[in-house]
Amino acid sequence: MLEEAFNYAQVHEFSSGQELLEAVRHEYTPDIVLLDIAMEGMNGMETAKKLREISDVILIFVTGVKEQVFSAFDVGAFHYLLKPVEKKKLLDVMERAVAEAEKTSARKRYMLVKVSGGYRKINMADILYAESNGRKVILHMKQENLEFYDKMEELEQRLGEGFYRCHRSYLVSLAEVRGYDSTSIMLSNGEVIYLAKRKYMEFVQTYCRFLQEPV
């Protein structure tokens, strides 16, 4: 039904929650996941919780299990469809999900970094902060750290808006800031990095402007 209604869609099937998670961990990046709950091995709700740790994918439950509808909100489900699913209902929900996926995709920005063995495409939304380490830069991301040769000044230009050079050794993603004082910035993962005292006022003004930007 999906391939018929959305002829541009690429539909992939997975036989278990474990198989889906393994694919996502190895750079499979779906826009929308339709997930059952009653599955052998890891059930759908457990799969969804683990999926949320590594992806902000749009999640739609398609299941015969009525009792888990409220638990679906805990994992940020976009919708909860009960089997047997009516075609019109499915396509209505999917049209809204596709529209949301397109908005999310438009907000994504990417960059290429040269690492040992080639180049890596990085989603800037995954970056927490960058740290200077001699002639190299360590990119601290939500799932991993990448170390590569670069200059902080050049990286600052490439990252552009949404990032701030809070210290000579640190570039921070403003979207990941959760608090600050006159000498430090706390990030969404609990880490704390330095904020140069001379940059405090400029950082506050930049951060406040960032928070006022429309999503």
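I will try to describe carefully the structure that is included in this document. Since the structure is predicted, the reported quantities are computational estimates derived from the model, not experimental observations. (Residues numbered from 1 in each chain as written. Predicted model: local features only at pLDDT ≥ 70, side-chain atom pairs only at ≥ 80, totals over all residues. Heavy atoms only, no water.)

Turning our eyes to something else, we now look at the overall build of the protein. Counting secondary structure elements, the protein contains seven helices and 13 strands. With respect to the three principal axes, the spread of C-alpha positions in the protein is 60 × 40 × 30 Å. Looking at the protein as a whole, 39% of its 215 residues are labelled buried. The contacts of the protein with a sequence gap of at least 6 include a subset with a gap of at least 24, amounting to 42%. When the accessible surface of the protein is split by element, carbon and sulfur atoms take 48% of a total near 13600 Å². Charge centroids of the protein, computed over 29 positive and 33 negative side chains, lie 6 Å from each other. (Helix = DSSP H or I, 4+ residues; strand = E, 2+ residues; numbered from the N terminus. Buried < 20%, exposed > 50% of the residue type's maximum accessible area, 1.4 Å probe, protein only. Contact = heavy atoms within 4.5 Å. Areas by Shrake-Rupley, 256 points an atom, 1.4 Å probe, with all protein chains shown as cover. Lys, Arg positive; Asp, Glu negative; His and termini not counted. Charge placed at Lys NZ, Arg CZ, Asp CG, Glu CD.)

Per the stated rule, a full pass over the model turns up eight salt bridges. Of the charged contacts in the structure, one is a salt bridge between Asp92 and Lys88, with a shortest N-O distance of 3.0 Å. Here Asp92 pairs with Lys88, and both are found in helix H5 (residues 87–107), just four residues apart, close to one helical turn. The exposure class of Asp92 is partly exposed, given its relative accessible area of 32%. Ionic pairing is found between Arg120 and Glu144, a salt bridge with its closest N-O pair at 2.7 Å. Taken together, the positions of Arg120 in strand E5 (residues 118–123) and Glu144 in the loop between strand E7 (136–141) and strand E8 (145–149) put the pair 24 residues apart, joining distant regions of the chain. (Salt bridge = Lys/Arg side-chain N within 4 Å of Asp/Glu carboxyl O.)

This part takes up unusual backbone geometry. Between Lys83 and the following residue, Pro84, the backbone shows a cis peptide bond with an omega angle of -10 degrees. Position of Pro84 relative to the elements: it lies in the loop between strand E3 (79–82) and H5.

We now examine helix H6 (residues 152–159). Given 3.6 residues to a turn, an α-helix orients residues that are three or four positions apart in the same direction. Of the residues making up H6, those classed as buried are Met152, Leu155 and Leu159. Relative to the axis of H6, the buried residues are bounded by an arc of 60 degrees and lie together on one face. Looking at the buried residues of H6, the elements they touch are strand E4 (110–115), strand E6 (127–133), E7, strand E9 (163–167) and strand E10 (170–173). In the stretch just after H6, Gly160 is the one whose phi turns positive, near 65 degrees. (Arc of directions from axis to C-beta.)

What follows concerns the packing of helix H2 (residues 17–25) against helix H3 (residues 44–54). Across the interface, H2 lies against H3 with an axial gap of 10 Å and an inter-helix angle of 5 degrees. The pairing of H2 with H3 is recorded here as roughly parallel in orientation. Residue-level contacts link Gly17, Leu20, Leu21, Val24 and Arg25 of H2 to Thr47, Lys50, Leu51 and Ile54 of H3. Its residues placed into classes, the contact of H2 with H3 shows five nonpolar, two polar and two charged. (Axes fitted to C-alpha atoms, helices over the stretch in contact; angles between N-to-C directions. Parallel < 35°, antiparallel > 145°, perpendicular 65-115°, else oblique. Nonpolar A, V, L, I, M, F, W, Y, C, P; charged D, E, K, R; others polar.)

What follows is about the environment of Ala23. Relative to the helices and strands, Ala23 is located in helix H2. Relative accessible area serves as the criterion here: at 18%, Ala23 is assigned to the buried category.

Right, let's get into the sheet that holds strand E12 (residues 184–187). Strand order in the open sheet made by the three strands is E11-E12-E13, with antiparallel pairing throughout. Each end of this open sheet is capped by a strand with a single partner; those strands are strand E11 (177–180) and strand E13 (192–194). Shown here is a sheet whose adjacent strand axes are inclined to one another by a mean of 30 degrees, direction ignored. As paired elements, E11 and E12 share three bridges and run antiparallel to each other. Looking across to E12, one finds that Gly179 is bridged to Met186. Against the sheet, helix H7 (residues 200–212) touches E11 and E12, its axis set at about 140 degrees to E11. (Pairing = 2+ DSSP bridges.)

Time to look at the sheet that holds E7. Reading across from one edge, E8-E7-E6-E10-E9 is the order of the five strands in this open sheet, with antiparallel pairing throughout. The open sheet is flanked by E8 and E9, the only strands paired with a single partner. Geometrically, the sheet is characterised by an average inter-axis angle of 20 degrees between neighbouring strands, direction not taken into account. Pairing between E9 and E10: three bridges, direction antiparallel. Bridge pairing in E10 links His167 to Tyr170.

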